[in-house]
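# Examination of the molecular architecture
Listed below, chain by chain, are the residues.
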Amino acid sequence: MAWDNLIRTSLRPMVRPRFQPPSRTPHDLGLRPLTLGLMTTAEPLSFQDLILTLHAYWSEQGCVILQPHDVEVGAGTLHPATVLRALGKKPWRAAYVQPSRRPGDGRYGENPNRLQHYYQYQVILKPNPIDMQALYLGSLRAIGLDPTLHDVRFVEDDWENPTVGAWGLGWEVWCDGMEVSQYTYFQQVGGLDVDLVAGELTYGLERLAMYVQGVDSIFDLKFNKAGVTYGEVFLENERQGSTYNFEIADVETLKRQFEDMERQVPRILAHTGPQGQPVVLPAYDHVLKASHLFNLMDARGAIAVAERQNYIGRIRDLAKMCAQKWVEAEQGERAGG
Amino acid sequence: MAELLLELFSEEIPARMQRQAADDLARLMRAQLQEQGVALDRLETYAGPRRLTLVADGLPLSQADRLEERKGPKANAPEQALAGFLRSTGLTRDQLVERDGVLFAVIERKGRQTAEIIAESVDKIVRGFPWPKSMRWGAGTLRWVRPLQRIVCLLDGRIVPFEIDGLISGDVTEGHRFMGDPAPFQVTDFADYRRKLAARHVVLDAADRMRRILDGARAVCAARGLELVEDDGLLDEVSGLAEWPTPMLGDMDPAFLSLPPEVIRTSMRTHQKYFAVRAPGQPGLAPHFVTVANIAPTDGGKLILAGNSKVLAGRLSDARFFWTEDRKVSLDDRLEKLKGVTFHAKLGTLYQRVERIEALARRIAPLVGADPDLAARAARLAKADLGTGMVGEFPELQGIMGGYYARGTEPDAVADAIRDHYKPQGPADTVPDAPVTVAVALADKIDTLTGFFSIDEKPTGSRDPFALRRAALGVIRLILTNRVRVELRSLFPAAVQDDLTAFFADRLKVMLRDEGRRHDLVDAVFVLGDDDLVRVVARIDALTDYFRDQDIGAVLAGYNRAASILKAEARKGPLPDGPVTVLPGAPVAEAELIRSLVHVAPLVEAAVRNEQFGPAMSTLGDLRGPIDAFFEQVLVNDPDSDIRDNRLKLLNQIRDTFYIVADFSLIGG
């Protein structure tokens, strides 16, 4: 598995069929779509209002509302605001939307549930407050899911990502049988035990919006109240992205770039900034780039089974180097006053 | 006598861990109280999604007072030694007792308060609780399965005060997450606790939750003229997912019924934790499902069911997509794909494994009465479904999907064998009896075993990552159920023959013991080293029958005496060997025993040769009288060495004759 795919696999927009050729979809097979009013409020939230509602809600909880990280990542967890900030002794609260790329999941825009580029909503509360579950349930109420009418449950789902040496315990949160979020208490990141435990929430935004709006295809989602659909915004991106990921991306180039990134990480980490601190953040961006390049090579079918573990191990080593330096830097900072 | 109530209230505990947690809590608390000498009448524990609860009755409020005696110096010891002893005991010289010239201090220990002991015990239990996986949270260091939120601890209605990592014990807990009064509430004792929880929509006891689910699920089915497909494993799991479990019957698009029922059930069960539903007297499933919600909503479940139906439709659409796509490619054509799949780094690809299984199935076929070509064909296709979309999505349908995909284009015997060749998968699973299936099932498991043994990946202790014990047990059950006559070692490559045969002997022993056979009888047969499992078990069965309701000590007294004399003699030098004769002047009992042995020995040999172990045993039994008479009337150790040697030879032959059936020296020990 690609390192990205190890994270939050089940939060891909909907289902996760493997071996599925891009050109066919369950939708083509003549199943009558079930369109149901699943909401209790008169007008369900548009895709962007869903985001705005979550922003307003988590802002109230003292979160820094960040914008997405500007490097391609496979999941919101990989944003440095989560992976790196989960380490060390500094409290931290942030929420942000992160575009997530899974090149291998592209279906040329023909599958109503699958995208190679989609959005996750990510919240990190460090240390987790003791009422974090209640806060999370409050966010569901805020977007119109009333837990006295909908069946909300916390079902065991432990998160582990051997590629970044990270694991945590938590749940998938089910709403009427559908997984709407992942909820994790980080225990280790980059092979290091965390000092303060961060609680992490990941909402699969498209899936949640489909549920809230009662539509059967991602592309039919109302993006805003003015009638713009998700398809109008992103269908072309899916078509072109899938074509690039599966057909155009040049494996030799990707491989060379991967190796370049790999070489850069230790080189960057060896440098120090103006206050004598290690230069971790740019190095970590290079890890993310290496990871995305690996995912692209994988989508092109260029990674043999036997090579996979090797690539994953290489990315993990890079991520661990960054984690180590991040913690050292913070310790140095404290020691320095 | 007081009641103890303890509740450990946390965020949602994984369903699969709850039962064990309740057992562990009971065990640990019992051990703590016993260690401290605190008696109790009854102790019960309960586990649910958010709480572990313990109630115990009949506790004293304090330990009994005890007198403790400490030995001190001799009465005439130097002043310094005495002073030290007085200091350490806090007594004066005249309070000491003198006995046999030694001084003793008798100290009265007041019994400690039970509350104090409980506070310490809970601390120890919480900090050392054996969760399969535990975690820290927030800024704390305490570990629990998920964040621990509250502790209720009441003894005789009063709070037992303590603090664990910032968490302070009290008398306040919470009810259902979403239903009823959300405010935390106080409790006074277990009865009050249970009543208030019930009023706040929490069913405390897992058994009650299961009953509620089962009754409710049956009722919602019956209301629509339907029938629940019961599933104990699922029932157990969902009872750990809801504090107020509420079964609801949902609808499924009947178009999905064209899918194999195994697919529908697996999708419902593994992804959604739904029960399947059928119409009474009808084959297959009905287009409905039962979901167990955690709330009884005010709209009667309309929204919940609509949502669940939609999710299920999405799941089954995928399944139908796989079902359609998978059948476009023949299993033969899928074999090629297995060349790219590594089975194990040291054991090659799946394709190479298929080739090995194919050859082995062909070899085994004649032993089980199967057509070798059919067995080889089935073996060749048995793993092809691993490359299908459906098995990629539902690994537990491996074999079953291959069976479906082969049906129609392959002979039924082949499709059946593909479907069933993973069986038996566990002690509760059925054992195939169709010859082609048996051949492939044996070949599959034996290849796994020989493969991993040849790269030295044998199970050790509790580590058995490749489930080799289960594979061996599967082979054993296939062989015994189908009475497959084969010398097991002949099926293994020379390099692993000894190890693997010994491994099988071990597994068979364990299985027979688990089934309740006597250890000594099992051992007495195993020591013979036979590797025909059917014969081994037949021997053990014959011994078991023979010795049933018998005083083994009496039956074997003569044999054992012969064996121990031989053992003693063997220590002195080589035992005499050769034919036994009735020497002139031999006592009647000796002559009689020789005559009996000459008569019995060939009969026993013949019976064993014909695998008539029951008759062999009863024939051996005929020797009991003559042996007993011999030992009553004859002294083996005669001064005349010819006579003595002749008698030793006789005993030796008796032992050899017995040994044809089993090593009786291991019986009854």
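Residues numbered from 1 in each chain as written. Chains lettered and ligands numbered in written order. Predicted model: local features only at pLDDT ≥ 70, side-chain atom pairs only at ≥ 80, totals over all residues. Heavy atoms only, no water.

### Details of the overall build of chain B
To be explicit about the condition: Helix and strand definitions follow DSSP, with helices as H or I runs of at least four residues and strands as E runs of at least two, each counted in order from the N terminus. In this description the radius of gyration comes from C-alpha coordinates, and the expected globular size is given by 2.2 Å times residues to the power 0.38. For every residue, the accessible area (1.4 Å probe, protein chains only) is compared with the maximum for its type, and the residue is labelled buried under 20%, exposed over 50%, or partly exposed between those bounds. Throughout, a residue-residue contact means that at least one pair of heavy atoms, one from each residue, lies within 4.5 Å. Residue exposure ignores everything except the shown protein chains as possible cover, and the areas themselves are Shrake-Rupley values with a 1.4 Å probe. Charge assignment: positive for Lys and Arg, negative for Asp and Glu; neither His nor the chain ends contribute. Where a charge lies is defined by one atom per residue type, namely NZ (Lys), CZ (Arg), CG (Asp) and CD (Glu).
What chain B contains, in helices and strands, is 25 helices and 18 strands. Its C-alpha atoms give chain B a radius of gyration of 36 Å, more than 25% over the compact-globule value 26 Å for 669 residues. Dimensions of chain B, computed from C-alpha atoms along their principal axes, come out at roughly 105 × 100 × 50 Å. When burial is assessed residue by residue, chain B has 54% of its 669 residues classed as buried. Counted over contacts in chain B with a minimum sequence separation of 6, partners at least 24 positions apart contribute 67%. Within the structure as shown, chain B displays about 29600 Å² of accessible surface, and the carbon and sulfur contribution to it stands at 50%. Placing the 87 positive and 97 negative side-chain charges of chain B at their respective mean positions leaves the two points 3 Å apart.

### Section: the overall build of chain A
A tally of regular secondary structure across chain A gives 9 helices and 9 strands. Scored against the burial criterion, the 337 residues of chain A give a buried share of 60%. Of all intrachain contacts in chain A linking residues separated by at least 6 positions in sequence, the fraction that spans at least 24 positions is 72%. Carbon and sulfur atoms make up 51% of the accessible area of chain A, which amounts to about 12600 Å² in all.

### Observations concerning the interface of chain A and chain B
As a reminder of what qualifies: Defined in terms of a 1.4 Å probe, buried area is the accessible area two parts forfeit on being brought together, summed over both. Salt bridges, as used here, are contacts in which a Lys or Arg side-chain nitrogen is within 4 Å of a carboxyl oxygen on Asp or Glu. Two N or O atoms count as a polar contact when they lie within 3.5 Å, although within protein this holds only if one can serve as hydrogen donor and the other as acceptor, and sequence-adjacent residues are included solely when both atoms are side-chain atoms. Under this grouping Gly is polar, as are all residues other than the nonpolar Ala, Val, Leu, Ile, Met, Phe, Trp, Tyr, Cys and Pro and the charged Asp, Glu, Lys and Arg.
With 56 residues of chain A at the interface, the matching set in chain B holds 61 residues. Summing both sides of the interface, chain A and chain B together bury roughly 4900 Å²; the carbon and sulfur share of this comes to 58%. Applying the counting rule to chain A against chain B returns 4 salt bridges. Measuring nitrogen to oxygen at the nearest pair gives 2.6 Å for the salt bridge that ties Asp216 of chain A to Lys310 of chain B. Linking chain A with chain B are 21 residue pairs in polar contact (both at pLDDT 80 or more), by the criterion used here. When residues of the side of chain A that touches chain B are traced back to their parent elements, those giving at least two are α4 (132–142), β4 (152–156), β6 (166–175) and β7 (178–189) of chain A. Taken together, the residues that form the side of chain A that touches chain B break down as 32 nonpolar, 12 polar and 12 charged.

### Remarks on the sheet that holds strand β8 (residues 158–159) of chain B
Residues and elements named next belong to chain B. Put simply, the test is: Two strands make a pair as long as DSSP finds a minimum of two bridges between them. Geometry is summarised by axes, namely lines fitted to C-alpha atoms with helices restricted to the contacting stretch, and by angles between N-to-C directions that run from 0 to 180 degrees.
Strands sit in the order β2-β3-β1-β7-β8 across an open sheet of 5 strands; the sheet is antiparallel. Edge strands, defined here as strands with exactly one partner in the open sheet, are β2 (42–47) and β8. As defined by bridge partners, strand β1 (residues 2–10) adjoins strand β3 (residues 51–59) across 7 bridges and the pair is classed as antiparallel. Pairing of Leu5 across the sheet is with Val55, part of β3. Packed onto the sheet, helix α1 (residues 15–35) meets β1, β2 and β3 and runs at close to 150° relative to β2.

### Points about the nonpolar core
Selection rule: Residue types Ala, Val, Leu, Ile, Met, Phe, Trp, Tyr and Cys, when buried and joined through side-chain atoms within 4.5 Å, form a set referred to as a nonpolar core.
If you look at the biggest cluster of nonpolar residues, it comprises 145 residues, and the most contacted ones within it are Trp58, Tyr121, Tyr136 and Tyr230 of chain A together with Leu52 and Trp144 of chain B. Among the elements that take part in this core, helix α8 (residues 280–299) of chain A stands out by supplying 10 residues, more than any other. Beyond its immediate stretch of four places on either side in the chain, Tyr121 of chain A contacts Ile51, Leu54, His55, Trp58, Ile65, Ala95, Tyr96, Val97, Leu201, Thr202, Tyr203 and Leu205 of chain A.

### A short note on the pattern of salt bridges
Residue and element names in this part refer to chain B. Scanning the model with the defined rule gives 75 salt bridges over all chains in all. Measuring nitrogen to oxygen at the nearest pair gives 2.5 Å for the salt bridge that ties Arg19 to Asp236. Taken together, the residues span a long stretch of sequence, with Arg19 in helix α1 and Asp236 in helix α6 (residues 232–238) at a distance of 217 residues. What makes Asp236 partly exposed here is its relative accessible area of 32%. Its salt-bridge partner being Asp416, residue Arg419 comes within 3.6 Å of it at the nearest N-O pair. Of this pair, Arg419 and Asp416 both sit in helix α14 (residues 412–420), separated by 3 residues, roughly a single helical turn. Judged by relative accessible area, which is 33%, Arg419 ranks as partly exposed.

### Some words on the pairing of strand β15 (residues 275–278) of chain B
Residue and element names in this part refer to chain B. For strand β13 (residues 227–228) and β15, the ladder comprises 2 bridges, and the chain directions are antiparallel. Bridging across to β15, Leu228 finds its partner in Val277. As paired strands, β15 and strand β16 (residues 288–293) are joined by 2 bridges and run antiparallel to one another. From the neighbouring strand, Ala276 faces β16, where its bridge partner is Phe289.

### With respect to the packing of helix α18 (residues 519–526) of chain B against helix α19 (residues 533–547) of chain B
Residues and elements named next belong to chain B. Put simply, the test is: The scheme is simple: roughly parallel for angles under 35 degrees, roughly antiparallel for over 145, roughly perpendicular for 65 to 115, oblique for anything else. Crossing handedness follows the turn of the near helix against the far one: under a right angle anticlockwise gives a left-handed crossing, and clockwise gives a right-handed one.
Two numbers describe how α18 lies on α19: the axes approach to 9 Å, and their chain directions differ by 135°. Accordingly, the angle class assigned to the pair α18 and α19 is oblique. Every pair of crossing elements has a handedness; the one defined by α18 and α19 is right-handed. Within the contact between the two elements, α18 uses Leu521, Val522, Val525 and Phe526 and α19 uses Val536, Arg539, Ile540, Leu543, Thr544 and Phe547. Of the residues assigned to the contact of α18 with α19, the class counts are 8 nonpolar, 1 polar and 1 charged.

### Regarding helix α25 (residues 641–659) of chain B
All names here are of chain B. The condition is simple: Helix span, expected: 1.5 Å multiplied by one less than the number of residues in the helix.
Spanning 19 residues, α25 covers 26 Å between terminal C-alpha atoms, matching the ideal 27 Å at 1.5 Å per step. The inward-facing, buried residues of α25 contact α21 (557–572), α22 (588–609), α23 (613–621) and α24 (624–633). Between the side-chain oxygen at the start of α25 and the backbone nitrogen of Asp642 there is a gap of 2.8 Å, and the oxygen is on Asp640.

### Examining the sheet that holds strand β5 (residues 97–99) of chain B
Residue and element names in this part refer to chain B. Pairing in this open sheet of 3 strands is antiparallel, and the strands run β4-β6-β5 from one edge to the other. The sheet terminates laterally at β4 (66–74) and β5, the two strands that pair on one side only. Pairs of neighbouring strands in the sheet enclose a mean axial angle of 35°, with direction left out of account. Sheet strands in contact with helix α2 (residues 79–89) are β4 and β6 (102–109), and its direction is about 165° off that of β4.

### A look at the confidence of the model for chain B
Rules: A residue's pLDDT is the confidence the predictor assigns to it, expressed on a 0 to 100 scale.
Taken residue by residue, chain B gives an average pLDDT of 92. The fraction at 70 or more is 100%. At the level of chain-chain contacts, confidence expressed as ipTM amounts to 0.86, with global pTM at 0.79.

### Considering the domain arrangement of chain B
As a reminder of what qualifies: By convention here, the domain bounds are inherited from an automatic or database domain assignment.
We note that the domain assignment places domain 1 (2–62 + 113–199), domain 2 (66–109), domain 3 (206–325), domain 4 (332–485) and domain 5 (550–666) within chain B. Put simply, the middle of domain 1 of chain B and the middle of domain 5 of chain B, counted by C-alpha atoms, are 67 Å apart.

### Quick look at the environment of Ala379 of chain B
Residues and elements named next belong to chain B. Mapped onto the elements of the fold, Ala379 is located in helix α11 (residues 372–381). The class for Ala379 is buried, based on a relative accessible area of 1%. Each C-alpha atom of the pair Ala379 and Ala417 lies 8.1 Å from the other, and the pair is 38 residues apart in sequence. Ala379 has contacts with Val354, Ile357, Glu358, Ala361 and Val440, leaving out every residue within four places of it along the chain.

### Here's the deal with helix α15 (residues 435–454) of chain B
Residues and elements named next belong to chain B. Compared with the 28 Å implied by 1.5 Å per residue over 20 residues, the 28 Å span of α15 between its first and last C-alpha is a close match. Within α15, 18 of the 20 residues are buried, which leaves it mostly tucked inside the rest of the structure. Directly after α15, the chain includes Asp456, whose backbone phi takes a positive value near 60°.

### Re the confidence of the model for chain A
Overall, the predicted model of chain A reaches an average pLDDT of 86, with 86% of residues at or above 70. For residues 1–41 of chain A, every residue scores under 50 in pLDDT, and the model assigns this stretch 153 contacts once sequence neighbours within four places are set aside.

### Quick word on a nonpolar patch on the surface
Quick note on the threshold: Here a patch means residues that are over 30% exposed by relative accessible area and free of salt bridges, tied together within 9 Å if like-charged and within 5 Å if nonpolar (Val, Leu, Ile, Met, Phe, Trp, Tyr).
Together, Leu67, Val97 and Val106 of chain B make up an exposed nonpolar region whose accessible area comes to about 250 Å². Turning to its location among the elements, Val97 of chain B is positioned in strand β5.

### Side note on the packing of aromatic side chains
Ring pairs (aromatic) are described by centroid distance and by the angle formed between their planes. Formally: Each pair of aromatic rings taken from Phe, Tyr and Trp, with Trp reduced to its six-membered ring, is defined by centres within 6.5 Å and is described as stacked if the planes are under 30 degrees apart, edge-to-face if over 60, and tilted in the remaining cases.
Taken as a whole and assessed by the stated rule, the structure comprises 40 aromatic pairs over all chains. Ring centres of Tyr57 of chain A and Trp58 of chain A lie 5.1 Å apart, and the angle between their planes is 85°; this geometry places the pair in the edge-to-face category. The pair formed by Tyr57 of chain A and Trp58 of chain A is uniform in burial state, with each residue classed as buried. Measuring from centroid to centroid gives 4.9 Å for Phe129 of chain B and Trp131 of chain B, while their planes differ by 45°, and the two rings are tilted. We classify Trp131 of chain B as buried; its relative accessible area is 9%.

### Thoughts on the environment of Ala22 of chain B
Here Ala22 of chain B is to be found in helix α1. Among residues more than four places away in sequence, those in contact with Ala22 of chain B are Thr45, Tyr46, Ala47 and Leu52 of chain B.

### Remarks on the packing of α22 of chain B against α24 of chain B
All names here are of chain B. Two elements in contact, α22 and α24, have axes whose closest approach is 8 Å; the angle formed by their N-to-C orientations is 155°. In terms of their interaxial angle, α22 and α24 are classed as roughly antiparallel. Where α22 crosses over α24, the handedness of that crossing is left-handed. Of the residues in α24, those in contact with Ala589, Glu590, Leu593 and Ser596 of α22 are Pro626, Ile627, Ala629, Phe630 and Gln633.

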